[in-house]
Amino acid sequence: MSDLKLTISENPFKDLEKVTKKAKSRALSRALPFAKKKITQVIKDNYTVQTSAVKEAMSVHKEDDSAQIIIIGPPLGIDKFSYKPKYDTTGATQRPVRVSVKRNVQRTVGNGFVWQGHVFRRVGDARRPVEKVTGPAVPQLIEDPQILDEISEETQDYFEERLQHELDYELSKNGNK
C-alpha cells in the first residue's frame, strides 16, 4: 500500500501575477516589431513612399504593461516617392516630371524639374523663385480608418497569440519545478 502525501500551499496563485506580468511584457515586446512591420507593409501597398522614410517617422514608447507606436514627421519631399525621370531635367534635357504618390496614379508637376535628385517647381513665370515639391507626411498616409482597422486587428490577434504562448511557456516552466 502506498502513502499519498498532498501538500497545499497557503496561496497557490501567489506567483500567478508575476508570471502573467512577465508573459505580457514578452508578448508586447514581440508584438511591437510585428506592428511596425505591418504598418510599413500597408503603407507600401497603397503608396510609393520609400520604406526608410516610413521607418524614420516611427518611434516606440514602451511602459511596463503598454506600448505606443508614434508616427510623426513633416511632409516628405517628392523625392521620397516615385518620380520620373530620375536624371536632371535642367538645361538641354528638359522633360516633364511625373510623380506618383499613390500606387498606379501618376501626375505631372507643372513647371517642375529634377535637379540633383530633388524635384522642384518654379513659382510664377520667372526663373526664380523655386520651391521643393512635397507630398504628404507619413502620419497622413495612415489616416485612412480602413487601414488603421486592418493594422490594429492583425496586431491585436498577434499579441493575443503571443500572450497565450508566453503564458503556456511560463506555466509549464513553473509546473516542472
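Everything discussed here concerns the structure shown above.
Residues numbered from 1 in each chain as written. Predicted model: local features only at pLDDT ≥ 70, side-chain atom pairs only at ≥ 80, totals over all residues. Heavy atoms only, no water.

A. Region of the structure containing the overall build of the protein. When helices and strands are counted, the protein shows four helices and eight strands. Put simply, the protein runs from its N terminus to its C terminus through helices and strands in the order α-α-β-β-β-β-β-β-β-β-α-α. A burial count over the protein gives 28% of its 177 residues as buried. Considering only contacts within the protein whose residues lie at least 6 apart along the sequence, 58% involve residues at least 24 apart. For the protein, the exposed surface amounts to about 12,500 Å²; the carbon and sulfur share of it is 49%. (Helix = DSSP H or I, 4+ residues; strand = E, 2+ residues; numbered from the N terminus. Buried < 20%, exposed > 50% of the residue type's maximum accessible area, 1.4 Å probe, protein only. Contact = heavy atoms within 4.5 Å. Areas by Shrake-Rupley, 256 points an atom, 1.4 Å probe, with all protein chains shown as cover.)

B. Main features of the layout of surface pockets. Computed from the structure, the largest pocket encloses a volume of approximately 380 Å³. Around the largest pocket, the lining comprises 16 residues; the ones closest to its centre are A35, A67, I69, S152 and T155. For the lining of the largest pocket, the leading source of residues is helix α4 (residues 145-175), giving six residues. Partitioned by chemical class, the residues of the lining of the largest pocket number twelve nonpolar, four polar and no charged. (1 Å grid on protein atoms, 1.4 Å probe; cavity = no way out; pocket = protein on both sides within 12 Å on 5 of 7 lines; lining within 4 Å. Points joined across faces, edges and corners; volume = space filled by probe spheres on them. Nonpolar A, V, L, I, M, F, W, Y, C, P; charged D, E, K, R; others polar.)

C. Geometry of the pairing of strand β6 (residues 112-115). Pairing analysis gives four bridges linking β6 to strand β7 (residues 118-122), with the strands arranged antiparallel. In the sheet register, G112 faces β7, and the bridge partner there is R121. Taken together, β6 and the strand that follows it, β7, pair antiparallel across an intervening segment of two residues, in which Q116 is found at a positive phi of about 55°. (Pairing = 2+ DSSP bridges.)

D. Spatial organisation of the pattern of salt bridges. With the rule as written, the count across this model stands at eight salt bridges. K132 is the partner of D79 in a salt bridge, and the nearest nitrogen-oxygen pair spans 3.7 Å. Note that D79 is positioned in the loop between β2 (67-71) and β3 (82-84) and K132 in strand β8 (residues 130-132), a separation of 53 residues in sequence. Its relative accessible area of 14% is what places D79 among the buried residues. A relative accessible area of 38% means that K132 is categorised as partly exposed. Within the structure, one salt-bridge network assembled from shared partners comprises R26, R30, R162, E166, E170 and K173. (Salt bridge = Lys/Arg side-chain N within 4 Å of Asp/Glu carboxyl O.)

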